[in-house]
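Chain by chain, the residues:
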2 protein chains.
Amino acid sequence: MNTDKLKQLDAADPLRHLQEAFDIPEDTIYLNGNSLGPLCRASRERINEVVNDQWRSDLIASWNKHDWIDLPLITGNKIAPLIGAREGQVVSCDSVSVNLFKLLSTALMLRPECEIILTLQDNFPTDLYIAEGLSRFLGDARLKVRSLDLEDLDLALESTPAIVMLTQVNFRDGSALDIEAITRKAQSNGSLVIWDLSHSVGVMPLEMDRWNVDFAVGCGYKYLNGGPGAPAFLYVAERHLPHSEQALQGWMGHKAPFEFRPEYDASEGIERFLSGTPPIISLAALDAALELFDGTDSTLLRKKSAALAETFLILKAQYPELDELQLVSPTDPELRGAQLCFSHEKAYWICQALVERRLFADFRNPDVLRLGFSPLFLSFSGLHDAVYLLARVMREKSYENHKFAKKDKVT
Amino acid sequence: MNTDKLKQLDAADPLRHLQEAFDIPEDTIYLNGNSLGPLCRASRERINEVVNDQWRSDLIASWNKHDWIDLPLITGNKIAPLIGAREGQVVSCDSVSVNLFKLLSTALMLRPECEIILTLQDNFPTDLYIAEGLSRFLGDARLKVRSLDLEDLDLALESTPAIVMLTQVNFRDGSALDIEAITRKAQSNGSLVIWDLSHSVGVMPLEMDRWNVDFAVGCGYKYLNGGPGAPAFLYVAERHLPHSEQALQGWMGHKAPFEFRPEYDASEGIERFLSGTPPIISLAALDAALELFDGTDSTLLRKKSAALAETFLILKAQYPELDELQLVSPTDPELRGAQLCFSHEKAYWICQALVERRLFADFRNPDVLRLGFSPLFLSFSGLHDAVYLLARVMREKSYENHKFAKKDKVT
């Protein structure tokens, strides 16, 4: 594949105009939007507005005047179409970890007879930690966490009803689960299902309502580009909402928080899943970034990110020196998310060498080099430079002459 | 008291130089720092830096390069001296509500025999909601919440050992509890005590370590001026830290979060109280605002805010039309925090009329007009205009000619 062909792909890309909405330094190839989305101009403008026009000038009055009070719901309603949810079922707040805890508590209150959280050993670690923490807190007699290998999941879904907690796209190898099929199977056995969409939202076509999902959480700072540590979101199916309670009930979830009544009276809507005061500046940055998705069909997002990844693989195959990077993601694009993962014993140092040359990727234990293909800001032409640079690093073994004294804390 | 005297007070104010650090519009008198602190220049600069130099340019590498990963602890260590804690006992994260939940879970795991949360009926509502939510989740047999009137507290502290959960300064009338005495009494009976310092930190001299407090939480966006919904903080006494677990254990509390191990292994430090990824932009704004407190003795903060409130009362007494505003806060400055609360049946509309004239105050049900005396950005001279304006509104009964169609959501 040559640069002409890549230019053709760019010319035919219906999302191409969105690249200009981002402010990515010129010397940078960013294949790490799966970890932290880059800055878009709308977020920068909104942050300025929130800080200088709202907080500075209108001070406390901004809660009404600039509708800070409704921002978790406003933002949630922008996420809703990306996950196939109607308005009023999604709210943006807290972190994935905290939201997962809330939903686990909700599920346990809806199904007091359930004594097991069923999950996968290779689920994203914070999901496992949260489940484990809840189990330690409640005691093993009340709640056990069963972390399975994928091949044992089917059988387990047929045994005792449980709270099933799964992540669609595996963070380490990019493989994707079939939400619809697993949800149906789990529910047919009386289980409730909580999906973590952190590595899916913004790149996969998701249909929470149509697939009859019970609950979901997801991340605001990966493919949604909401900024570092942007608030997460949670989804609750309409059918559960009226009877759903959650353990972390705080004043923002109250029907009338500013009446300061001593008794908790849950909001009738999805706001009952709010706890404390949301971090408005970070939330506003996410809200602004979501405007880029406005009117964009998620099948288009999926199609482009799959095409980017396939193009990357074709280009990679043109360089024999890249053969030692072995694909550990599924080869079938249908079976993976928007990332490609390659194994190499020097993956950590390769990643460092790439980042030093401003090709951003990341490393995951034990030996995985991870590349993300965000559909909003990447071009097909840019992949040419990415593969060329990667090939040079591998050919010159730049990673062996590294000057890195020790591993970074975050990789 | 005349303007010359006020100018003398300003000239003698050792904190006076800090007023320039804030960017408050000229037409504004801000007596609402107890609810949302105003913007300081350091926060604005830091937000710009985080957005444009860090997120934009260094992208994911900022977690190491700009030490985002340690920011909850760095910020916590800046709060520590304000509450009389040594380094490594305070971390900034999540909301007051979520942090309170964590500490309640910690206390219950440390004292499995405790079946009661003891609190006051007039505690800040979100504290009550969180306790109630936890009780609903665990079941009444495991955990009951007893919300008392203040006069019954002493006796209750002598009965069954409990988790005592109190807020130092009452949000509605500004009255302050004696942390040291209550903590001692509670502990002598085998209780653990969690203090909410939301309406104290930054204006009261606090001595968590010296007073032998077990746990505390506090707010980042009131007197600490961290910005709307800034992350909160929590304190854990050194003696509890090694055996403290918490229910909301997320990956940021892991000893080695980026090794992505399936088993949770708590950080040895206060970081074990972190859950998910922190909202970096909002957290950085708080971190920058805290620099204003650097090297400032909290007795100076207390002294100035008490002097501001006393001066306000003296000025108020010069206007007979202000007599109908009745002080509901304790008259003894030693017995209250940094706010003055007045009752008036039209308090809501008075507050609206004041804010319309850019004298910021707030309203609390049922009839309370609340004024906060933040020591960092207020001048004594400014109080002259505040009282003058208030007197005019009362004299002209501007609040009766209001154009406000309905009550705002937030007041």
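A.B. asks: Account for the packing of helix 1 (residues 3–11) of chain A against helix 12 (residues 380–395) of chain A, with residues named and values stated.
C.D. replies: Residue and element names in this part refer to chain A. As a packed pair, helix 1 and helix 12 sit with axes 7 Å apart at the nearest point and diverge in direction by 140°. Contacts between helix 1 and helix 12 involve Thr 3, Leu 6, Lys 7, Leu 9 and Asp 10 from the first element and Phe 380, Ser 381, Leu 383 and His 384 from the second. Its residues placed into classes, the contact of helix 1 with helix 12 shows 4 nonpolar, 3 polar and 2 charged.

A.B. asks: Tell me about the domain arrangement of chain A, and name the residues and values.
C.D. replies: As a measure of interface size, the accessible area lost when the parts come together is often cited. Residues and elements named next belong to chain A. For chain A, the assigned domains are domain 1 (3–30 + 297–401) and domain 2 (45–293). On a C-alpha basis, the centroid separation for the pair domain 1 and domain 2 is 29 Å. Of the residues lining the interface, 22 residues belong to domain 1; the matching set on domain 2 comes to 17 residues. Those elements that place two or more of their residues in the side of domain 1 that touches domain 2 are helix 10 (298–317) and strand 10 (339–343). With 5 residues, the top contributor of residues to the side of domain 1 that touches domain 2 is helix 10.

A.B. asks: Any chance you could break down the relation of the copies chain A and chain B for me, citing the residues and the numbers?
C.D. replies: Least-squares fitting of chain A to chain B yields an RMSD of 0.0 Å, with the transformation described by 0.0 Å of translation along the axis and a rotation of 180°. Interpreted geometrically, this transformation is the action of a two-fold axis. Distance from the rotation axis, computed per C-alpha, reaches its smallest value in chain A at Ser282(A): 2.9 Å. Both copies contact each other with a shared surface, as 100% of the interface residues of chain A are interface residues in chain B too.

A.B. asks: Provide a residue-level description of the environment of Glu324(B), including the pertinent values.
C.D. replies: Relative to the elements of secondary structure, Glu324(B) occurs in the loop between helix 10 (298–317) and strand 9 (326–327). Discounting residues that sit within four places of it in the chain, Glu324(B) has contacts with His344(B) and Met394(B).

A.B. asks: Break down the pairing of strand 3 (residues 116–120) of chain A for me, citing the residues and quoting the values.
C.D. replies: All names here are of chain A. A large share of strand 3 lies buried, amounting to 4 of its 5 residues. Taken together, the 2 bridges between strand 3 and strand 5 (residues 163–167) define a ladder with parallel strand orientation. When the sheet's bridge partners are listed, Ile 117 is paired in strand 5 with Ile 163.

Reading the values: the criteria
Residues numbered from 1 in each chain as written. Chains lettered and ligands numbered in written order. Predicted model: local features only at pLDDT ≥ 70, side-chain atom pairs only at ≥ 80, totals over all residues. Axes fitted to C-alpha atoms, helices over the stretch in contact; angles between N-to-C directions. Helix = DSSP H or I, 4+ residues; strand = E, 2+ residues; numbered from the N terminus. Contact = placed C-beta atoms within 7 Å. Nonpolar A, V, L, I, M, F, W, Y, C, P; charged D, E, K, R; others polar. Domains from an automatic or database assignment. Least-squares fit on C-alpha atoms with pLDDT ≥ 70 in both. Buried ≥ 20, exposed ≤ 12 C-beta atoms within 10 Å, placed from the backbone. Pairing = 2+ DSSP bridges.

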